[in-house]
Amino acid sequence: GRRIRVSADGGARARWRDDGTELFFQSKDKIMAASIAITGTARDKSVQVGVPRELFALPDQGSFWSPGKGGQRFLVAVQATKAVPAPIHVVLNWSEPRAR
């Protein structure tokens with residue numbers, strides 16, 4: 001029904017904790033969390049929103065994220081490093097006996 005402000009600084013990509021007790025959202029380059037408590041009856045519900053707190057800063061290029069079960073861990077997509085891979089050595093005829 002009604003709108004309830006969670007963040008004074010705005011936010012995006014909101015995700016619920018699996019048990020509905022927290023709302024996670026992205027504020028600039030940080031992941032934030034606000035506790036949510038719903039009380040009352042089906043006809044007369046009350047929603048209390050806690051003060052948002054910073055959980056962690058996102059790494060560069062970390063725009064996709066998802067909370068894990070219980071909200072204790074997060075999956076964050078980051079770009080793989082562009083390091084040069086180690087060379088691969090291919091050995092041919094490895095089973096043939098060596099000439100003496």
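That block above? That's the structure.
About the thresholds
Residues numbered from 1 in each chain as written. Predicted model: local features only at pLDDT ≥ 70, side-chain atom pairs only at ≥ 80, totals over all residues. Heavy atoms only, no water. Core = buried A, V, L, I, M, F, W, Y, C linked by side-chain atoms within 4.5 Å. Buried < 20%, exposed > 50% of the residue type's maximum accessible area, 1.4 Å probe, protein only. Contact = heavy atoms within 4.5 Å. Helix = DSSP H or I, 4+ residues; strand = E, 2+ residues; numbered from the N terminus. Salt bridge = Lys/Arg side-chain N within 4 Å of Asp/Glu carboxyl O. Phe/Tyr/Trp six-rings, centres within 6.5 Å; stacked < 30°, edge-to-face > 60°.

J.: Got a minute to help me understand the nonpolar core in this structure?
T.: In this structure, Phe24, Ile31, Ala33, Leu58 and Trp65 together form the largest nonpolar core, which totals five residues. If we skip the residues at most four places from it in the chain, Trp65 touches Arg13, Arg15, Phe24, Phe25, Gln26, Ile31, Leu58, Phe74, Leu75 and Val76.

J.: Could you clarify how one ought to interpret the environment of Gly50 in this entry?
T.: Secondary-structure assignment places Gly50 in the loop between strand 4 (45-49) and strand 5 (53-57). For Gly50, a relative accessible area of 21% corresponds to the partly exposed category. In sequence terms Gly50 and Gly68 are 18 residues apart; their C-alpha atoms lie 21 Å from each other.

J.: Looking at this structure, how should I read the pattern of salt bridges?
T.: Where charged atoms of side chains with opposite charge meet at close range, the side chains can pair. Per the stated rule, a full pass over the model turns up four salt bridges. Note that Arg17 and Glu22 form a salt bridge whose closest N and O atoms lie 3.1 Å from each other. Put simply, Lys30 and Asp29 hold a salt bridge, and the shortest N to O gap is 3.5 Å. Exposure remark for Lys30: the relative accessible area of 29% places this residue in the partly exposed category. Residues participating in the shared-partner salt-bridge network are Arg17, Asp19, Glu22 and Arg53.

J.: Teacher, can you tell me more about the packing of aromatic side chains here?
T.: Any two aromatic rings considered together are summarised by their centre-to-centre distance and by the angle between their planes. Evaluation of the coordinates by the stated rule reveals three aromatic pairs. On the basis of an interplanar angle of 85° and a centroid distance of 5.1 Å, the ring pair of Phe24 and Phe74 is categorised as edge-to-face. Pair noted here: Phe24 is in strand 2 (residues 22-27) and Phe74 is in strand 7 (residues 74-76), with a separation of 50 residues, a long-range link. On the accessibility criterion, Phe24 (0% relative accessible area) is buried. The class of Phe74 is partly exposed, set by a relative accessible area of 23%. Following the ring pairs from residue to residue traces out a cluster consisting of Phe24, Phe56, Trp65 and Phe74.

J.: Would you mind going over the side chain of Ser27 with me for this structure?
T.: In this fold, Ser27 is placed in strand 2. Taking relative accessible area as the criterion, Ser27 reaches 14% and is therefore assigned buried. If we skip the residues at most four places from it in the chain, Ser27 touches Asp9, Gly10 and Met32.

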